[in-house]
Amino acid sequence: MKKKIFSGVQPTGNLHLGNYLGAIRNFVDLNNDTQNECIFCVVDLHAITVSQNPKDLKSNIYETVATFVASGIDPKKSIIFNQSHVSAHSETAWILSCIARMGWLNRMTQFKEKAGKDKEKASIGLYSYPVLMAADILLYDSTHVPVGDDQKQHLELCRDIAQKFNNDFKVKDFFTIPEPLIKKEFSRIMSLKDGLSKMSKSEVSDLSRINLTDDKDQIINKIKKAKTDALPLPSTIEELEKRPEAKNLICIYSSLMNNELQNSIDEFAGKNFSEFKEKLSEKVVNEINPISLKIKDLLNDKVFLEKILKEGCEKANEIASKKIREIHKIVGF
Ligand code: AQP
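Note that the coordinates shown come from a computational prediction; the quantities given were computed from them, not determined experimentally.

Asker: Help me understand the environment of Leu196 in this model?
Answerer: Turning to its location among the elements, Leu196 is positioned in the loop between strand S5 (179–181) and helix H9 (216–225). Separated by 63 residues in the primary sequence, Leu196 and Met133 place their C-alpha atoms 26 Å from one another.

Asker: Looking at this structure, I do not really get helix H8 (residues 152–168). What am I missing?
Answerer: An α-helix turns once per 3.6 residues; consequently, residues spaced three or four apart project the same way. Here H8 spans 24 Å end to end across 17 residues, near enough to the 24 Å set by a 1.5 Å rise per residue. Those residues of H8 that fall on the buried side of the exposure criterion are His154, Leu155, Leu157, Cys158, Ile161, Ala162, Phe165 and Asn166.

Asker: I'm lost on the side chain of Arg243 in this one. Help?
Answerer: As for its position among the elements, Arg243 is in the loop between helix H10 (237–241) and helix H11 (244–257). Judged by relative accessible area, which is 10%, Arg243 ranks as buried.

Asker: Is there a simple way to explain the packing of aromatic side chains in this structure?
Answerer: Pairs of aromatic rings are described using the distance from one ring centre to the other and the angle between the two planes. In total, this model carries 13 aromatic pairs according to the counting rule given. Centre to centre, the rings of Phe81 and Tyr140 are 6.0 Å apart; their planes meet at 55 degrees, and the pair counts as tilted. Of the two residues, Phe81 sits in strand S3 (residues 78–82) while Tyr140 sits in the loop between helix H7 (124–138) and strand S4 (144–146), which places them 59 residues apart along the sequence. Neither residue differs from the other here; Phe81 and Tyr140 are each classed as buried. Three or more aromatic residues joined by ring pairs form one cluster here, namely Phe165, Phe169, Phe174 and Phe175. In this structure, Lys302 is placed above the aromatic ring of Tyr62, and the distance from its NZ or CZ to the ring centre is 5.3 Å.

Asker: Which parts of the structure should I look at to understand the site of the ligand?
Answerer: Near the ligand there are 21 residues, and of these Asp150, Lys198, Ser200, Lys201 and Ser202 occur at the shortest range. Backbone polar atom of Met199 to a nitrogen atom of the ligand: 3.0 Å apart, as the coordinates give it. At 2.5 Å from an oxygen atom of the ligand is found a side-chain nitrogen or oxygen belonging to Ser202. Elements with a contribution of two residues or more to the shell around the ligand: strand S1 (3–9) and helix H1 (17–32). Broken down by element, the shell around the ligand gets its largest block of residues, four residues, from H1. The class makeup of the residues in the shell around the ligand is five nonpolar, 11 polar and five charged.

The rules behind the values
Residues numbered from 1 in each chain as written. Predicted model: local features only at pLDDT ≥ 70, side-chain atom pairs only at ≥ 80, totals over all residues. Heavy atoms only, no water. Helix = DSSP H or I, 4+ residues; strand = E, 2+ residues; numbered from the N terminus. Expected span 1.5 Å × (residues − 1). Buried < 20%, exposed > 50% of the residue type's maximum accessible area, 1.4 Å probe, protein only. Phe/Tyr/Trp six-rings, centres within 6.5 Å; stacked < 30°, edge-to-face > 60°. Lys NZ or Arg CZ within 6 Å of the ring centre and 35° of its normal. Near = heavy atom within 4 Å. Polar contact = N/O pair within 3.5 Å; in protein donor to acceptor, adjacent residues only side chain to side chain. Nonpolar A, V, L, I, M, F, W, Y, C, P; charged D, E, K, R; others polar.

Rendered as structure tokens:
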């Protein structure tokens, strides 16, 4: 049976190496497997859960599509579309928000992190974000959802919502219960400035991340300035575990090399960071530079990007509108 793959990326600018290694690179592999039907969504409704400048949002939508294509997703093989253009997402999210329980949402750690200390001032959208994410996934009968490790909890909530809907309305198997596809290793890339914080688009310091639009010199400079410690590189995983910044850099290297962690540790055991960073820079530049150049090229061809979104929206709408009609019947509308 074909796997139905769904995943989304927020068009909030500064797409980075964490998004690439944790998610987008896996999208490319899944897209290349003919056994899969893939849908990749630019989740612009999610983006506005925190304030966005409308002009920037528009250009970030183009940039996200350009990044998908530049990374190797073929729009002929996969559906690429923007969420706001398929109205069934918002409608299903409302219906599912009447199924999801407050207690479930109260446990979501991403809301706590993003809302910070002053939760009263966070938008309701930021709080109910995982319900919209559940709608995105469930509308397409998705069987598998490739995401970074940070989205694991939201995926579990999506499964709970689907099960409760199926039980409440006695429609066994109506919503497919999706499986997360999270790489066992290297599924959470950390900030270059703090090995305990996730590499993130919204982090103020640009030096904390490698953007997928960074050029060669920027990449080399950021890796040179990445936080490390005073010791030579360790020889065991146990030692590495105690050194978050070193661990993050070695994990990035391993991920790019498609190497077991221990192999990378063996390669650099006892060496100093300058030698390691030189090798790491070379690998990051080799992987990211061609993507960055292609993104810039594609951004000069808005007509092509618009065409991808238009065709993707038509295909997505066809699937989603059928599912929402069935949801209406089940609910009793
Ligand atoms: N640091 C990361 N390591 C591995 N995977 C990551 N992802 C995000 N950060 C990392 C994965 O990338 C996909 C798209 O993420 P998103 O843009 O939809 O949302 P996010 O997780 O909120 O991304 P950011 O960069 O952290 O943005 P801000 O700063 O706006 O919160 C997802 O599959 C995610 O797991």
